[in-house]
Every structure is written in structure tokens, then in C-alpha cells.
There are 2 protein chains.
Amino acid sequence: MDSNDLVIYNGIVMTVNPAFDIHRPGMVVIRGGCIVETGPRAPGQPLPPAPRHIDAEGGIVMPGLVNTHTHLPMTLFRGLADDLPLDQWLNAHIFPAEARHIDARTVRCGTRLACAELLLGGTTVCCDGYFFADQVAEAAAAMGLRAVIGQGVVDFPAPGVPDPAGNVEAARNFVDRWQGRCPRIHPSIFCHSPYTCGRDTLVRAKTAARAAGCLFQIHVAETEVERRESIAAHGRSPVGRLDDLGLWDEHTLAVHAVWVDRDDIEVLARRRTAVSHNPQSNMKLAAGVAPVPDFLAAGITVGLGTDGCASNNDLDLLREMDTAAKIHKVTTGRPTVTDARQVVEMATIAGARAIGLGDAIGSLEPGKRADIVVLRADRPHLVPVYHPASTVVYAATGADVRHVLIDGHLVVRDGVLQTADVKEILADARQVAKTIARKH
Amino acid sequence: MDSNDLVIYNGIVMTVNPAFDIHRPGMVVIRGGCIVETGPRAPGQPLPPAPRHIDAEGGIVMPGLVNTHTHLPMTLFRGLADDLPLDQWLNAHIFPAEARHIDARTVRCGTRLACAELLLGGTTVCCDGYFFADQVAEAAAAMGLRAVIGQGVVDFPAPGVPDPAGNVEAARNFVDRWQGRCPRIHPSIFCHSPYTCGRDTLVRAKTAARAAGCLFQIHVAETEVERRESIAAHGRSPVGRLDDLGLWDEHTLAVHAVWVDRDDIEVLARRRTAVSHNPQSNMKLAAGVAPVPDFLAAGITVGLGTDGCASNNDLDLLREMDTAAKIHKVTTGRPTVTDARQVVEMATIAGARAIGLGDAIGSLEPGKRADIVVLRADRPHLVPVYHPASTVVYAATGADVRHVLIDGHLVVRDGVLQTADVKEILADARQVAKTIARKH
């Protein structure tokens, strides 16, 4: 028996297993960082022996949340430039701010701020793409987060990669350095988009990812302009063009996929490529609404992401779930689509599959790593609980997260982060933000 | 000097006055339940004398939030019937549940649960419409909330009004009983809709409201079906038909107004009728998206509401603000519409005007009642703060509310409700919910 072994009891256990079993009240037994048992437990029934027992006090117990698209260091730009046209936002604000302020030190600072927010809000794993990926990975590893971390690739000078000729090499080296280094950190290659990376870069980057056996991520078909220009320049939609280049397979993650037609959807389904759906970012930037009900009907795996804090402006996956459930109802006119159960699956098991971790995490099933969230039960907006999936999707936010476990370790306990000093993180971020505000 | 007089200092004061002045750092001086001064205050500068000083610790200080559309007792149905077609939701679940379970006791229970959620989430005033309005008003008054409370009117047997022949009379009597009874409670008449109230009922109800000088509320043009059937039956859009009946003026609140055309918008603008915009409910029920940018362009006052908990499923106006800012960007394709400042105004001063209280509340200006919210500053998702309106709209939720004052009284202090026992309220609601679940 490991001193970290524990039993969580007296909760509403939402397993997100294939049958979507709910045990009310139920328990979860954890040994050696893994789930060994979940099931119902009547009040008064004796608990399995363990060094620790956690009383969920009637709260919902569910898999840790999976955020399939982030740019962690961009927490530093949260609220810097809102309510602007997309090109002005990117070219007059975000890109210049990155060029001026992003370095190894600020990336570490912004990532730590992001990790604090993610963990406190119940996200146990994210899939990130940014520059200075070593610093992102180090900060995430130190704070106990699980993460797929992509080194960014663009065909122009980027933070940390001044010469674009070395962009794919930099990404490959990052992957080499981090494979096998920390069991919770999975290195990845992140090509920014088909319009910021040329054909050669795209193919070489995917080839490198394939050789390393790591996830390849790419923003694709985010805006109407991108689609229009791709067709004008290449005679192909963004998704179609990347298919011609052989980029789609089950180890590539298509991020956004808003401007896709029936053929594009068929391509993604046939290649078994998963999609990261980021509804709040797509709404805020007026990009559009991805056809998620069509993705699901085509059998495409859809994970849920917040995107970076410059376009959301938070990393709260519980709030994203609420939006994901509602936006497709209103755009399709069908209140039955993207129901609460489907959205819970997107934010857990489907997200885990989308980023290549479906066998290890994403549900409360024996054999899986013990990445677990326990929600509060004592807040007015969480009462009553008729259907736990409804409560989670339509009423809860990250602030309702009480305990968070990763690999069976309590990284958040009673709403308090255990792996870093939040006060220090906030003070550091405020200091960097002062410089950014002054020079913006 | 009153023992309740106080000074709030060391905050980012977002006044929401006509110039949208922000004092950073700033202070608010409160005497006799009113704001007497707001302004900048340099660190170290002496504070005006007062029995109490509240250190906002760098948090945003803003007007109390105004929720312009609620059905408070429906917290008891939160999550009971989600992801369903609208007619099935209403006719197979909500109406039968109301007929079976709504009485004076459950209305009190659900209202208390709602008031706890509203106050803890920074809402200091709501505009409600439901049945057993006496019980709603009593519970809200006892918990220290400010509220416009409408007695519901429909032309079929309703909870507490078994004979529809007495529906307008019941509403008039409610208004008579409550006018002048409690300075924070403003009685009102709430006709459910043009399709549940006949012509005669509508006219008599508005006449009664006009005679009493109280607000008249009505759901209108919520769904496409409603619009289509109105045109088929009356040859007029819902808004046009109610104009023919003389229902629109500045003391009527048009709730939803989703399915409106250019003529309808012109009617509402000309009659100086305000609109309650409830985006999350409209999304969840797949009703549609109200043309808020067009309303604003036409000079219509737009307040923000959550609607009831059966169609949202929470009463968190800060989350509603985030949705209100984003939904119009994506549906119009313009990321500049409904910017953070406009949305803050909708949730405060414009909402106050919409429900007839614009002279008394809705902004931090000398002479106004001291309805004030102080947000936390110590949460990762609230750092950095480049523009306070952006932080409030795009990052904050009700859980970030630290202090709430109504008439200068601290009704929430450090996140703890001061006017009722939340544990007792939750236990009571869970008990009622058990019965509802069993008999549903």
C-alpha cells in the first residue's frame, strides 16, 4: 500500500465510462496513482482500507478535465486587446506584444499563471502550442499538470526562434529533449497554420512528428478569410489542401475547423483526425461556429478547448462546456443537439482521445491514471442535482472545484493549490503586465 | 454619521457613470445608504472619516448587477429537463411540474435559493415574474435583495390563481398590497405572453399597471413559432400586435424580443420600451439570437437577464455578460459589436433604466443608492487587469464576488451571505427536489 493510496467516497460519481454509469452515492478507490475500482456505496457500508479517505460531501466526482487547445503563456495578454477586428487584434496587438515581451522569463511567468488557473478550475491536462516550449514544459511539470506541449512552428521570426530556417529543427529538438523525461509531459509539434507555414515546412514538421511518434497540432479553417484565400491560392479548402500534403491522421489534431464543408468533414472522419472545438474563442473573434453536431454524426472525435487567454479570456473548461452545449442549439435551431452527456464526454474522454491519451485518462475506470475532480456541493447554483451531467455543464464553473487529483496526488485541496504559491505567481504576473501595459 | 456609513478604498472603481470614469486606485464614500462621493485616491492619502473602512485590496468596485429577467422559484427545476425540444420542455415537463409542485411553501423555498445565488453572485436587484408573488416578495425582502416583482397573468389555471377569470384582479391586488410596503420591493404585473393571454386580458392588465404606475412585463417574440402564429392569426407580428393594443411605453419591459424585424425595432424605439436580453436562455432553448446591436443602434435601452433556472441553468449575471458580449460578435461576424463597456452598461445602468430604477441605482454616482459589488483580485483568472470592463465581462464569474452592498448594507461579506443561512436554504431545497424527482 502506497502512502498516496486513497478512497473518495460519499460523492455522486460520474464515471464517463462507455455506459456513462453514475453511482449515487459512489466511491473511487485509488492505488499507486491508478483507479482500481469505482462503484456504488450505500451510506454506512464499510470503506475499503486506505491511508486516506476523502469525503466528497455529496459533491460530483468526475474525471479531470481535458483542455485540448491552449497557449498557456498568453495569460499575460488577458484583456490587453479585446473587441477588435481579427486582423487588427493579431497584427497590431498580439504579434507585436509577443515580439516585444515574450522571452524565456515571461513564458515561465505566464505559464505558471495559466497552470494555477487550470488546476484550480479542474483541468488536469491541456494540449498547448506556443514558443519557448521548454519553459512551458518545465513550468507545467513543476506544477504537477499533465500536458501535451507543442513547440510552435511558423515561417517568420518567432519568439525564441529568430531564424525561421531552423523552426522545424527547433521543434524536433524540443521533442527529443522531452520524450521520456517526465511521465506527465508529452512533447508535440505545433505548426501554427497552413497560412503561416509553407508546404515544405508543413510536410517536414509532420514527418518529424511521425518519426517521433508525437502529436502534430495545427490551427485550420478558423476563419472565412483563411478558407477563401486557400481556395484562391491553391484551389483547395484548408482541410483539403492539408489532406493533399498527407497531414491528416489519428496523430494530428485539427484545431478550430470552423470553415469546413461536407467534403472536409468526410476527410477528417476518414483520416480519423480529431478536432479541438474552441467555441468561446471562435465567438469572441467572430470567426464562426464549427459544425460540431455534423462532426459527431460523422464519428469524428471532438475535444473541447479554451484557446489562449487573449481570445477567451479564461481557461475555465467548465464555462466552455456551458457555451459548447448552448451555441450549437441556437445555431442549428435544435435544442436537443450537443446534450449535457455529449459535452461532458468532449471535455473528458473524447478530449483525452483527441490528444492521444485516451487509454490513460479521461474516465473513471479501473486501470486509468487517477486524474479526478471533486466539485463542491454547498453552493446555491449547484442545488438541486437531478442529473449530474446537467449540473456540470449548465451550472458549474471552475470556481466550484474543491479537490483535484493528478496521478492520485492532491494538487488542489479544498480550493487551494498545493503545488505552487498562487500569491507569488500573481505578483510576478502583475509585474510583467505593468511592463506590457507601459510599452503597448 | 450613521453607524452604517463607510468608505470603500484601494479598489479599481468602475463608476459606470456617463463618462465611464475609472478610478485606479479609487474610493467610494457612503452615507445614509447613499453614495456621496467617488473618486481617485492615491495610496497613503488620508481617508474620509467613517465608522467603517473596507479595503478592496485591488479588486474591482462596481455597481451592483441588475438582472432584468428572472423566475426566481424555478431554481427548484434547475436541470430537471434539459436538452429537449421547446414544446416538450414546456408542456411535458415545466408546466406539469409547476401544476404539481408549486405552492406558497415551494415558492418561498425556491425564491430563497434564488436570492442566495443572486446575492452571492453580485446581483443586487432583479426583475421577476412568477406566481405566488406575495411569497416571492416576502422572501426577497427578508433576504435584503432589491427587486421588481411581477405577479404572473395567464388565461388558464395557474399556481395560486385557479380561476383565470381573476388573473388580472390577483395581479392588481398584489400590486396594491406591496406598493409602499418595503422600499426595496417594487410590485409589477407580468403578463406571460401574447399567446397565453388574450387581447382583453392584455389590455386590462396594462391598464391596471398604468393606473398603479408600476412596471408591466411581457415575454414577446421569443420563438419563430410565436411570430409565425401571430402573423397567421392576427396578421401582425407579436410586437406589432401589442402596439395595436397600446401596450408599449417606457413602463413596459419587452422580454426576449428575438424574432423582431425592422418595423418591430422601430416600434420599440418610438415607444421608448426597453428590452430584456437573455442570451443564454435563448441559446439553450434554441429560440434564436435577439438583434441587440440593432437595438442599441436604434437607441433602445437593453438590460440583461438570465431568465429562470429551468432554461439557463443559473442566475449568474457575470457569466451572462460574457455570453452577451460573444454571441453577437459571432452571429454578426463583427468582433467589435457589444464591446465590454456596452455589456457592463447593459448589466448595470441600462438594466436599471429598463426596470424603472435608473434614477436610484445602476451606477456609482453621488446621490444614488449604495448598491455596490467588490470583486476579488486574488484569483489567477482575474490577473492581469488591463481594462476593468474586459476583466469583468470576459473573465469574472459570480464566484469572484467578495462583498455586496445594498442600500449601504453588507449583504455579502467575504463571500459569505449575511442575511440568511445558506446551509438551511440548501437543505430545504434538496428536500423539495426529492419530492419533485420522485413525482416527475
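The subject of this paragraph is the overall build of chain A. Secondary structure summary: chain A contains 14 helices and 17 strands in total. Taking 2.2 N^0.38 as the reference for a compact globule, 440 residues should give roughly 22 Å; the C-alpha atoms of chain A span a radius of gyration of 21 Å, in line with that estimate. Taking the principal axes of the C-alpha coordinates as reference, chain A spans close to 70 × 45 × 40 Å. Put simply, 72% of the contacts in chain A that link residues at least 6 apart link residues at least 24 apart.

On to the relation of the copies chain B and chain A. For the pair chain B and chain A, the relating rotation is 180°, the translation along its axis is 0.0 Å, and the fit reaches an RMSD of 0.0 Å. In the structure described here, the two chain copies are related by an operation that fits a two-fold rotation axis. No C-alpha of chain B approaches the rotation axis more nearly than that of Ala399 of chain B, which lies at 3.1 Å. A shared binding surface is used by both copies, with 100% of the interface residues of chain B retained as interface residues in chain A.

All names here are of chain A. Along its sequence, chain A is carved into domain 1 (6-63 + 369-417) and domain 2 (65-354). Taken over C-alpha atoms, the centre of domain 1 sits 29 Å from the centre of domain 2. Sorting the residues of the side of domain 1 that touches domain 2 by element identifies helix H13 (388-394), strand E15 (401-406) and strand E16 (409-413) as the ones contributing at least two each. Counting residues per element, the side of domain 1 that touches domain 2 draws most heavily on H13, which supplies five residues. Within the side of domain 1 that touches domain 2, the residues separate by chemical class into 15 nonpolar, five polar and one charged.

Here we take up the interface of chain B and chain A. Counting residues at the interface gives 57 residues for chain B and 57 residues for chain A. Counting only elements with at least two residues in the side of chain B that touches chain A, the list comes to helix H2 (104-120), helix H9 (279-284), helix H11 (317-332), helix H13 (388-394) and helix H14 (422-438) of chain B. Element by element, the count of residues in the side of chain B that touches chain A is highest for H14 of chain B, at seven residues. Tallied by class, residues from the side of chain B that touches chain A come to 31 nonpolar, 12 polar and 14 charged.

Here we take up helix H2 (residues 104-120) of chain A. Residues and elements named next belong to chain A. Compared with an ideal rise of 1.5 Å per residue, which puts 17 residues at 24 Å, H2 spans 24 Å between its outermost C-alpha atoms and is within 8% of the ideal. With 14 of 17 residues buried, H2 is to be regarded as a mostly interior element. In the segment just after H2, Gly122 is the residue with positive phi, at about 90°.

Attention now moves to the pairing of strand E10 (residues 216-220) of chain B. All names here are of chain B. Across the five residues of E10, five count as buried, placing the element largely inside the fold. The sheet contact formed by strand E9 (residues 185-191) and E10 spans three bridges and is parallel. Within E10, the residue paired with Cys191 across the bridge is Ile218. This β-α-β element, E9 to helix H5 (residues 199-212) to E10, shows right-handed connectivity. In this structure, E10 lies alongside strand E11 (residues 252-256), joined through five bridges in parallel fashion. Opposite His219, over in E11, you have Val255 as the bridge partner.

Another point: the pairing of strand E6 (residues 65-70) of chain B. Residue and element names in this part refer to chain B. Most of E6 is tucked away, with six of its six residues classed as buried. In the sheet, E6 pairs with strand E7 (residues 123-130) via four bridges, with the strands oriented parallel. Within the sheet, the bridge partner assigned to Asn67 lies in E7 and is Cys126.

Take the packing of helix H11 (residues 317-332) of chain A against helix H12 (residues 340-354) of chain A next. All names here are of chain A. Between H11 and H12, the least distance of the axes is 10 Å, while the angle of their chain directions is 140°. Comparing their axes, H12 and H11 come out oblique. Relative to H12, the crossing made by H11 is right-handed. Every residue of H12 that contacts H11 at Leu317, Met321, Ala324 and Ala325 is listed here: Ala340, Val343, Met346 and Ala347. A per-class count over the contact of H11 with H12 returns eight nonpolar, no polar and no charged.

For the rest of this paragraph, the subject is the environment of Val267 of chain A. All names here are of chain A. Structurally, the position occupied by Val267 is in helix H8 (residues 262-270). It is 22 Å that separates the C-alpha atoms of Val267 and Thr201, two residues lying 66 residues apart in sequence. Residues in contact with Val267, not counting those within four places in the same chain, are Val239, Gly240, Asp243 and Trp248.

The subject of this paragraph is unusual backbone geometry. Note the cis peptide between Val383 of chain A and Pro384 of chain A, where omega equals -5°. For His256 of chain A, which is not glycine, the phi torsion reads 85° and is therefore positive. The topology assignment puts His256 of chain A in strand E11 (residues 252-256). If you check the backbone angles, Asp83 of chain B has positive phi at about 60° while not being a glycine. Assignment of secondary structure puts Asp83 of chain B in the loop between E6 and helix H1 (86-101).

Looking at the element boundaries, Arg24 of chain B is found in strand E2 (residues 22-31). Distance from Arg24 of chain B to Gly39 of chain B, taken between C-alpha atoms, is 8.9 Å for residues 15 residues apart in sequence.

Rules and cut-offs
Residues numbered from 1 in each chain as written. Chains lettered and ligands numbered in written order. Predicted model: local features only at pLDDT ≥ 70, side-chain atom pairs only at ≥ 80, totals over all residues. Helix = DSSP H or I, 4+ residues; strand = E, 2+ residues; numbered from the N terminus. Rg over C-alpha atoms; globule rule 2.2 N^0.38 Å. Contact = placed C-beta atoms within 7 Å. Least-squares fit on C-alpha atoms with pLDDT ≥ 70 in both. Domains from an automatic or database assignment. Nonpolar A, V, L, I, M, F, W, Y, C, P; charged D, E, K, R; others polar. Expected span 1.5 Å × (residues − 1). Buried ≥ 20, exposed ≤ 12 C-beta atoms within 10 Å, placed from the backbone. Pairing = 2+ DSSP bridges. Right-handed = clockwise from strand over helix to strand, strands pointing away. Axes fitted to C-alpha atoms, helices over the stretch in contact; angles between N-to-C directions. Parallel < 35°, antiparallel > 145°, perpendicular 65-115°, else oblique. Left-handed = near helix turned anticlockwise from the far one by under 90°.

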